[in-house]
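# Close look at the chain arrangement
Residues per chain are reported as follows:
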Amino acid sequence: MDEYTDLEALSHRAFGDMAQVRPVLDKIADKWTILILTVICPKPSRFNEIKRRLDGITHKALADALKRLERNGLVTRTVLPTQPIGVEYAITPLGHSLREPFEALCSWAAANGDKVEAATLRYDNTENRR
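Fair warning: this is a prediction, and the values are worked out from it, not measured in the lab.

Glancing now at the overall build of the protein. When helices and strands are tallied, the protein shows 7 helices and 3 strands. Starting at the N terminus and walking to the C terminus, you meet the elements of the protein as α-α-α-β-α-α-β-β-α-α. Against the globule reference of 14 Å for 130 residues, the protein gives a C-alpha radius of gyration of 19 Å, more extended than a compact globule. Along the longest, intermediate and shortest principal axes, the C-alpha atoms of the protein span 60 × 35 × 25 Å. In the protein, buried positions account for 25% of the 130 residues. Residue pairs in contact within the protein that sit at least 24 positions apart in sequence constitute 46% of those at least 6 positions apart. Carbon and sulfur atoms make up 57% of the accessible area of the protein, which totals about 10,000 Å². Across the protein, the mean location of the 19 positive side-chain charges is 10 Å away from that of the 18 negative side-chain charges.

Attention now moves to the nonpolar core. Counting residues in each nonpolar core, the largest one holds 23 residues, and the members touching the most others are I36, L37 and I50. Broken down by element, the residue count for this core peaks at 5 residues, all from helix α3 (residues 33–40). Sequence-distant contacts of L37, defined by excluding residues within four places in its chain, comprise L69, L74, V75, I91, L98 and F102.

Parameters at a glance
Residues numbered from 1 in each chain as written. Predicted model: local features only at pLDDT ≥ 70, side-chain atom pairs only at ≥ 80, totals over all residues. Heavy atoms only, no water. Helix = DSSP H or I, 4+ residues; strand = E, 2+ residues; numbered from the N terminus. Rg over C-alpha atoms; globule rule 2.2 N^0.38 Å. Buried < 20%, exposed > 50% of the residue type's maximum accessible area, 1.4 Å probe, protein only. Contact = heavy atoms within 4.5 Å. Areas by Shrake-Rupley, 256 points an atom, 1.4 Å probe, with all protein chains shown as cover. Lys, Arg positive; Asp, Glu negative; His and termini not counted. Charge placed at Lys NZ, Arg CZ, Asp CG, Glu CD. Core = buried A, V, L, I, M, F, W, Y, C linked by side-chain atoms within 4.5 Å.

Remember that the coordinates give geometry; whether it matters functionally is a separate question.
Below is the structure:
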């Protein structure tokens, strides 16, 4: 019973903070942000290394996402004095503060992905959909 009360209080507080929470979630809860930050969290990486590790991301999508992450203070971009000039991306302390919630979310996804997929298939195969 206490758990329900706690969840109800959390839900009420989240809706009260929605004007502040929604814009932040819009900046971090997209298709690539979590994965990009996961790649550069352990060590700074160059653009092509990030792209290689993120199967399926296009050059444009990665460039746009990195610019957005830099703009939002989650990533730094450093031009390296190499020939040809290289660029390295690193996670900021603000970006690093997302590590724990992102790890929890990734763990949940790994543990429950099959259940989500099974539910999706059940729904798609049901004739009683609205």
